[in-house]
Amino acid sequence: MGGGIAGLACAAALGHRGWDVSVWERDHAHRPEGTALGMWPAAQRALERLGVVDELRRVAVRQGSFVLRSSTGRVLGGTDAERMERRAGLPTVLVARPTLLATLNAAVPEGIVRFGAEIDDPSALLADCDLLVGADGIRGVVRPAFFGDRTEVRYAGGVAWRGVAPIEVEGHGEIWGRRSLFGLTGISPGRTNWYATIRGPEDAPPPPDDLAHVRQFFGDWPDPVPQLLAAMDGETILRNRLYELRPPLRSFVAGRVALVGDAAHAMPPNLGQGACQALVDAVTLADSVGDGSDVPAGLRAYDRARRRPAQRVAAGAHLLSRVAQADRLATPRNALARLLLPRPR
Ligand SMILES: Cc1cc2nc3c(=O)[nH]c(=O)nc-3n(C[C@H](O)[C@H](O)[C@H](O)COP(=O)(O)OP(=O)(O)OC[C@H]3O[C@@H](n4cnc5c(N)ncnc54)[C@H](O)[C@@H]3O)c2cc1C
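Residues numbered from 1 in each chain as written. Predicted model: local features only at pLDDT ≥ 70, side-chain atom pairs only at ≥ 80, totals over all residues. Heavy atoms only, no water.

Taking an unreviewed UniProt entry as the reference, the protein chain is identified by name as 2-polyprenyl-6-methoxyphenol hydroxylase belonging to Actinoalloteichus caeruleus DSM 43889. According to its UniProt record, the protein chain has this under Cofactor (unreviewed entry): "FAD". (UniProt positions renumbered as here; feature names shortened; annotations may be inferred.)

Shown next, in the form of structure tokens:
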């Protein structure tokens, strides 16, 4: 259930194993808007298993070295993309979300995804199938229906704005300020993907004009932030309040039901890992249940293989979100970052 990144990847992976799959998706079509998603090496290996990695690599851009700066422009640390690539055997790449969704959709045989099909009662679906996969995101209905209410959707403390500016700038990386951060990455030639988060209370009303709000907040941040925001002229800006699932689930599996993606482990976006983990969940689930001859044993294997690793990543993202948006501790945080982080290359 759910035709996002996790649901489509599951449908493709289970389909390859010979399962007769149906996907119920509430939206009438995939949303055309979306910014860049970082695809880490493990996610690319999952995409390779789904047979779509070459197509995506043709349009993806490489994530170069990443520089972390303070809002006064001081370099705090950074990554060496070549070294990371040597270690992982693959570069991290960036791909636009709509491209990833379209590519995954094309990997699923036609007619399998039923758009405009909102499910209110997943128990009714379970009665008709051998395996129900909850790929319905953080606010889905499968988790509350089968996994109790111990794990809840919790506010992660801030709001994110994202956009793609129609100019290419140098200096990809992140800038950390008090209660806020600004990040920029590649997405395609001639364009720059950016994201910004500001900590604040959950009930703060949305600003009447997102672009004006972001320009005002980040207007005196180091270059190229003002230049990038000045270049935004009519392009879409996305705003999301950030949420996560906490405490972590005790199992990703209940009877013949499995959770994947954000439905299982929604996390703050600071590590750029939510979609990557969803792709790994999908191929692992299909490997675990195989041809379906022993679904309960396959689901136990899926839970063993995925729960702890995905929850470790989610815990890291939770911690990083706190550190990156520190308020009073921003000055000692920056000093510590300069001490501990490698110099950018
Ligand atoms: C600001 C931001 C930046 C991010 N950057 C990155 C990044 O760089 N790299 C990365 O890997 N991840 C990133 N992520 C995380 C990533 O977007 C998510 O982890 C990923 O989209 C989760 O996919 P999903 O399919 O599990 O859930 P979703 O994308 O939420 O999909 C769930 C689907 O289920 C459908 N659905 C829900 N309820 C029902 C219902 N009752 N009936 C039928 N259909 C239903 C929904 O319509 C939706 O299509 C970012 C997230 C944010 C907010």
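A. Structural context of the overall build of the protein chain. The helix and strand inventory of the protein chain stands at 13 helices and 15 strands. If you line up the protein chain on its principal axes, its C-alpha atoms span 60 × 40 × 40 Å. Contacts spanning at least 24 positions in sequence make up 76% of the contacts within the protein chain whose residues lie at least 6 apart. One way to put it: in the protein chain the 42 positive side-chain charges average out to a point 9 Å from where the 38 negative ones average out. (Helix = DSSP H or I, 4+ residues; strand = E, 2+ residues; numbered from the N terminus. Contact = heavy atoms within 4.5 Å. Lys, Arg positive; Asp, Glu negative; His and termini not counted. Charge placed at Lys NZ, Arg CZ, Asp CG, Glu CD.)

B. The packing of helix 2 (residues 41-49) against helix 11 (residues 274-289), seen in detail. The geometry of helix 2 relative to helix 11 is characterised by a closest axis approach of 8 Å and an angle of 45° between their N-to-C directions. The orientation of helix 2 relative to helix 11 falls into the category oblique. For the pair helix 2 and helix 11, the sense of crossing is left-handed. Along the contact surface, helix 2 presents Ala42, Ala43, Ala46, Leu47 and Arg49, while helix 11 presents Cys276, Leu279, Val280, Val283 and Asp287. (Axes fitted to C-alpha atoms, helices over the stretch in contact; angles between N-to-C directions. Parallel < 35°, antiparallel > 145°, perpendicular 65-115°, else oblique. Left-handed = near helix turned anticlockwise from the far one by under 90°.)

C. Here's a closer look at the environment of Gly272. Among the secondary structure elements, Gly272 is positioned in the loop between helix 10 (262-265) and helix 11. Residue classification places Gly272 among the partly exposed positions, given a relative accessible area of 34%. Separated by 87 residues in the primary sequence, Gly272 and Thr185 have C-alpha atoms spaced 12 Å apart. Filtering out sequence-adjacent residues up to four positions away, Gly272 remains in contact with Gly38 and Trp40. (Buried < 20%, exposed > 50% of the residue type's maximum accessible area, 1.4 Å probe, protein only.)

D. The site of the ligand, seen in detail. In the neighbourhood of the ligand, 28 residues make up the surrounding shell, with Glu25, Arg97, Ile119, Asp262 and Ala275 lying closest. Arg26 places a main-chain nitrogen or oxygen 3.0 Å from a nitrogen atom of the ligand. Within the complex, the protein chains bury 86% of what would otherwise be the 1,000 Å² of accessible surface of the ligand. Of all the secondary-structure elements, those providing two or more residues to the shell around the ligand are helix 1 (5-16), strand 1 (23-25), strand 2 (36-39) and helix 11. Per-element tally for the shell around the ligand: the top contributor is helix 11, with three residues. Its residues assigned to classes, the shell around the ligand comprises twelve nonpolar, eight polar and eight charged. (Near = heavy atom within 4 Å. Polar contact = N/O pair within 3.5 Å; in protein donor to acceptor, adjacent residues only side chain to side chain. Areas by Shrake-Rupley, 256 points an atom, 1.4 Å probe, with all protein chains shown as cover. Nonpolar A, V, L, I, M, F, W, Y, C, P; charged D, E, K, R; others polar.)

E. Fine view of unusual backbone geometry. Residue Pro224 follows Asp223 across a cis peptide bond; omega there is 5°. Looking at where Pro224 falls in the secondary structure, it is placed in the loop between helix 8 (210-218) and helix 9 (225-231). For Arg179, which is not a glycine, the phi torsion comes out positive at approximately 60°. Mapped onto the secondary structure, Arg179 falls in the loop between strand 10 (173-176) and strand 11 (180-188). Taking the relative accessible area as the measure of exposure, Arg179 reaches 32% and is therefore partly exposed.

F. Quick peek at the pattern of salt bridges. Inspection of the entire model under this criterion finds nine salt bridges. Note that Arg154 and Glu152 form a salt bridge whose closest N and O atoms lie 3.1 Å from each other. The class for Glu152 is partly exposed, based on a relative accessible area of 38%. Arg306 is the partner of Asp281 in a salt bridge, and the nearest nitrogen-oxygen pair spans 2.7 Å. With Asp281 in helix 11 and Arg306 in helix 12 (residues 295-324), the pair connects residues that are 25 residues apart, well separated along the chain. Judged by relative accessible area, Asp281 falls into the buried class, the value being 0%. Relative accessible area serves as the criterion here: at 6%, Arg306 is assigned to the buried category. (Salt bridge = Lys/Arg side-chain N within 4 Å of Asp/Glu carboxyl O.)

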